[in-house]
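The primary structure of each chain is shown beneath.
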There are 2 protein chains.
Amino acid sequence: MPTEIPPLLLAPLAPVTGTTLQQQLYQRIKQGILQGQLAAGAVLPGTRQLASELQVSRNTVLNVWTQLQAEGYLMSDRQGSRVTPLALPAGQVDDDTLTRWPLAKRIDVFQRRPWVDTGALPLRPGIPALNHFPVAAWRRALSQVMSHTPPQLLGYGDPLGDAELRTALAQHLRITRGVRCDARQIVITEGVQQALMLCVTLLSNPGDPGWIEEPGYRGAKAAFRAGELNLIPIPADHQGLAPQPGHWKQAPPRLIYTTPTHQYPTGAVMSAARRLALIAAARQHRAWIIEDDYDGDFHYHGDPIMAMQGMTDNAPVIYLGSFSKTLFPALRIGFMVLPAPLVSRLTPALHQLLRGGNRPEQQALTRFILSGDYRRHLGKMRRLYRQRQELLRSELQRAAGQSLPLLGGDSGLHLVLPLDSHHNDAVIACQLHQAGFAPAALSEFYLAEPVQQGLVMGYGNSSDTQIIAATRQLSRILSWPG
Amino acid sequence: MPTEIPPLLLAPLAPVTGTTLQQQLYQRIKQGILQGQLAAGAVLPGTRQLASELQVSRNTVLNVWTQLQAEGYLMSDRQGSRVTPLALPAGQVDDDTLTRWPLAKRIDVFQRRPWVDTGALPLRPGIPALNHFPVAAWRRALSQVMSHTPPQLLGYGDPLGDAELRTALAQHLRITRGVRCDARQIVITEGVQQALMLCVTLLSNPGDPGWIEEPGYRGAKAAFRAGELNLIPIPADHQGLAPQPGHWKQAPPRLIYTTPTHQYPTGAVMSAARRLALIAAARQHRAWIIEDDYDGDFHYHGDPIMAMQGMTDNAPVIYLGSFSKTLFPALRIGFMVLPAPLVSRLTPALHQLLRGGNRPEQQALTRFILSGDYRRHLGKMRRLYRQRQELLRSELQRAAGQSLPLLGGDSGLHLVLPLDSHHNDAVIACQLHQAGFAPAALSEFYLAEPVQQGLVMGYGNSSDTQIIAATRQLSRILSWPG
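Residues numbered from 1 in each chain as written. Chains lettered and ligands numbered in written order. Predicted model: local features only at pLDDT ≥ 70, side-chain atom pairs only at ≥ 80, totals over all residues. Heavy atoms only, no water.

Our focus in this paragraph is helix α14 (residues 425–434) of chain A. All names here are of chain A. Those residues of α14 not exposed but buried are D425, I428, A429 and L432. Mapping the buried residues of α14 onto a view down its axis gives an arc of 100 degrees, with all of them on the same face. Where the residues of α14 are buried, they touch β11 (414–419), β12 (440–441), β13 (453–458) and α15 (464–477). Measuring from the side-chain oxygen of the N-cap residue of α14 to the backbone nitrogen of A426 gives 3.0 Å; that N-cap residue is N424. Downstream of α14 by a residue or two, G436 has a phi angle that is positive, lying close to 95 degrees. (Buried < 20%, exposed > 50% of the residue type's maximum accessible area, 1.4 Å probe, protein only. Helix = DSSP H or I, 4+ residues; strand = E, 2+ residues; numbered from the N terminus. Arc of directions from axis to C-beta. Contact = heavy atoms within 4.5 Å. Polar contact = N/O pair within 3.5 Å; in protein donor to acceptor, adjacent residues only side chain to side chain.)

Below you can see the structure in the form of structure tokens.
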């Protein structure tokens with residue numbers, strides 16, 4: 001018996017590019033139900049009758065009915081198909097509703113400083129010479145991997161990372177950085193940031209004191225904040241992290257973040273005495289030291305400063321590194337070296353939290369290391385960066401017309417120009433940014449009140465011309481003679 | 001005046017491959033100091049004198065002295081170079097010391113079930129057809145990106161991910177999954193696991209109730225555990241997640257993890273009524289819903305089931321997806337779609353926690369999507385998976401000699417074979433693993449006591465031959481007639 005068909009259903013269906021008549025009918029009924037035009041319990045017409053009214057094939061209507069039933073919009077019984085009763089959203093939902101919903105409390109402690117994309121502008125710290133990266137050799141390594149490896153390589157591998165890469169890396173770290181490790185201790189991560197987050201998740205509890213260097217690396221603070229650690233700024237001086245007995249007494253740390261080879265950003269090398277004292281005190285307090293060796297591969301005077309991790313047996317040190325500066329940041333491959341006694345304790349959690357990373361890229365990296373291409377590239381870049389640093393240093397001194405107390409420079413990709421306290425380094429950095437240069441303001445690296453103004457100047461990705469132009473610009477801003 | 005030279009320093013230096021005389025001398029003195037053979041305050045011989053004794057150039061000794069001074073092992077004054085007093089590790093450090101140190105408390109709640117690498121074995125759930133992936137086309141896309149893009153692409157990009165990929169993805173999700181979004185709402189992640197961890201970090205506090213499906217996805221539980229959520233198992237039935245009024249009352253959630261398109265692992269499609277009721281109740285309780293659309297792209301009957309996210313305006317839904325099943329797992333590209341009102345609230349934290357992922361891979365993916373290669377591949381795989389599922393289904397029924405109550409199959413890459421309660425599914429899964437097949441035991445997906453034994457059988461990466469062999473093996477284990 002023909003039902004009275006709701007007028008909504010009877011509007012003609014016309015061909016529209018990119019959508020079928022069936023999809024049109026499906027959308028019409030679904031939206032009609034969701035918007036309340038087809039009421040709960042309303043009986044829909046028979047498929048034969050509707051098909052005839054709409055001049056479509058009965059199969060079209062049947063398919064739509066099947067789909068709507070599968071999704072639960074229609075119910076069928078002997079009387080035909082009826083609209084399922086649904087908890088429809090009450091009227092127009094306020095657009096702003098969700099803006100007032102609670103988020104994680106830790107969101108509030110993330111600094112609200114807007115992120116500025118400084119891309120690969122000259123003087124930006126921490127960027128290697130991108131146009132000197134051997135793209136062709138890398139492409140070749142990647143292409144060889146993709147064409148010669150079995151399909152299994154596209155699936156999930158060891159959650160801790162590709163075994164061959166871990167072996168090659170252990171060997172490389174032992175020789176070049178004095179790290180005491182074997183492949184089992186190495187966990188491949190998506191850069192240092194993920195490694196930091198893992199350290200926090202695996203080794204600390206919310207509320208635990210976490211020491212960070214003052215001034216210090218912002219990424220470490222972000223990771224500590226994500227884990228709701230109680231951030232304790234520990235002053236770093238010309239010999240690196242300098243905790244006082246009071247620090248150990250009043251805020252004994254669970255985690256200590258440090259950059260002993262080249263303090264970030266001041267460039268200080270932590271002395272052997274400080275290193276051993278830190279390890280001894282950490283042992284006493286059962287604190288874990290996170291050693292971030294972010295740019296120790298580029299060392300310009302004598303032999304490289306070796307890792308703190310390798311100074312004693314079983315140091316309570318998690319050593320972190322990445323290929324962001326030795327190859328390129330967008331590669332997103334980093335790693336952590338766990339103390340051997342932690343491997344079996346942490347593996348169950350790591351197996352559940354990690355998925356092993358991008359295996360083809362990891363295998364390409366292994367080829368790059370084993371072929372010697374990696375060491376050759378490091379050597380070339382070391383020479384280039386040394387020249388660039390010398391140029392930046394001499395240009396700054398020349399423009400200033402005096403000897404400048406530049407900080408750092410034993411290794412890495414940046415120098416710090418300290419500024420007198422009457423300067424506002426954030427304003428100067430902003431002025432330089434407007435001129436196309438992106439040094440960082442030293443004050444941004446402080447958790448408490450900044451005690452030193454300055455500019456953190458990256459030279460890794462800055463050509464000679466850019467270094468000269470940047471110095472000229474800075475000279476104008478600071479009213480230097482040159 | 002010649003000093004008496006400690007005998008340690010006088011052993012002859014002989015050329016050794018891979019190390020210079022200078023490095024040998026440096027290591028000898030450094031280790032002598034660290035191991036206490038050269039005592040604190042001990043005066044070292046003059047460089048000229050030592051060079052002559054060791055028959056090396058004076059520069060070699062001078063360089064070693066400079067290095068050791070830079071690292072803080074030696075101090076220099078008018079009397080010459082002396083060993084710095086250092087806090088040496090007291091005797092032999094107990095190898096086991098660190099094994100007793102405290103770790104994060106959450107470590108204990110990670111299940112101690114050892115991880116078994118099932119690689120890409122047939123029947124492993126969640127693995128796409130790896131040998132059907134168009135490696136050549138992908139390699140071409142990647143190679144084109146690497147050869148035609150400026151060096152800046154190798155640097156850091158937008159922490160939320162490549163803008164072009166986010167635009168292409170928003171378009172794709174609107175059309176194929178009914179997701180209401182624009183590019184600004186999309187955050188590119190290293191797979192769904194990272195997206196889950198971010199949801200936990202950004203939207204919940206330790207101790208908050210977090211609802212998970214019972215049975216449900218283990219990765220979601222790992223992420224909730226990492227954030228110290230209070231995991232509440234909510235039964236999932238043939239219409240998906242089925243919370244009762246008591247759940248809302250006694251453990252009102254902060255986060256709800258759900259797989260409405262294809263419940264993992266049971267394969268249920270959440271009905272429209274359940275979806276709208278869940279959204280309405282979540283609104284009332286200010287709970288965030290995490291919709292994991294892990295395999296909704298492969299749908300075999302009628303049109304695909306659209307995302308819950310798109311059912312109403314401003315649903316409190318964070319939609320997650322990845323390319324692990326549509327392309328390949330080792331790609332490690334996933335994404336989250338934030339509700340529009342959350343974008344500006346979460347961006348400062350996201351800017352600090354993320355580094356933008358692998359940009360060349362993201363650009364290759366964009367090319368793959370825009371060229372139509374991606375949709376073509378999806379279409380091909382949909383047909384392949386439908387055939388494989390049909391074969392698995394018919395082989396199982398044939399071998400069992402009866403109609404089996406298989407669960408799921410409307411979409412995705414797996415079927416569930418329920419087993420009678422007198423079976424132990426973990427034992428059967430283990431027996432199959434020994435025979436080279438890797439289905440998962442359904443009981444492993446339960447947080448509380450399993451209420452149903454069964455096998456979760458992936459067919460995505462299983463050839464016809466493998467499906468037939470696996471069924472035969474299972475038939476033997478279960479003493480089926482076939």
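Right, let's get into the interface of chain A and chain B. Listed by partner, the interface residues are 122 residues for chain A and 122 residues for chain B. Across the interface of chain A and chain B, roughly 10300 Å² is buried in total on both sides, 61% from carbon and sulfur atoms. Linking chain A with chain B are zero salt bridges, by the criterion used here. Where chain A meets chain B, there are 35 residue pairs in polar contact (both at pLDDT 80 or more). Breaking the side of chain A that touches chain B down by element, the ones donating at least two residues are α2 (21–34), α4 (58–71), α5 (135–148), α7 (191–203), α8 (218–226), α10 (272–285), α11 (340–353) and α12 (359–370) of chain A. (Buried area = accessible area lost by both parts, 1.4 Å probe. Salt bridge = Lys/Arg side-chain N within 4 Å of Asp/Glu carboxyl O.)

Let us look at the sheet that holds strand β10 (residues 334–337) of chain A. All names here are of chain A. The eight strands are arranged β3-β10-β9-β8-β7-β4-β5-β6 in an open sheet whose pairing can be described as mixed. Each edge of the sheet is formed by a strand with only one pairing partner; in this case those strands are β3 (186–189) and β6 (240–241). The pairing of strand β5 (residues 230–237) with β6 spans two bridges and is classified as antiparallel. Each bridged residue has a counterpart across the sheet, and for D237 the counterpart in β6 is G240. Those strands touched by α7 are β3, β7 (255–258), β8 (288–292), β9 (317–322) and β10, and its axis lies near 160 degrees from that of β9. (Pairing = 2+ DSSP bridges. Axes fitted to C-alpha atoms, helices over the stretch in contact; angles between N-to-C directions.)

On inspection of all chains with the given rule, the structure shows zero disulfides over all chains. Looking at the unpaired A:C199, the closest cysteine sulfur is the one in A:C181, lying at 15 Å. (Disulfide = S-S within 2.5 Å.)

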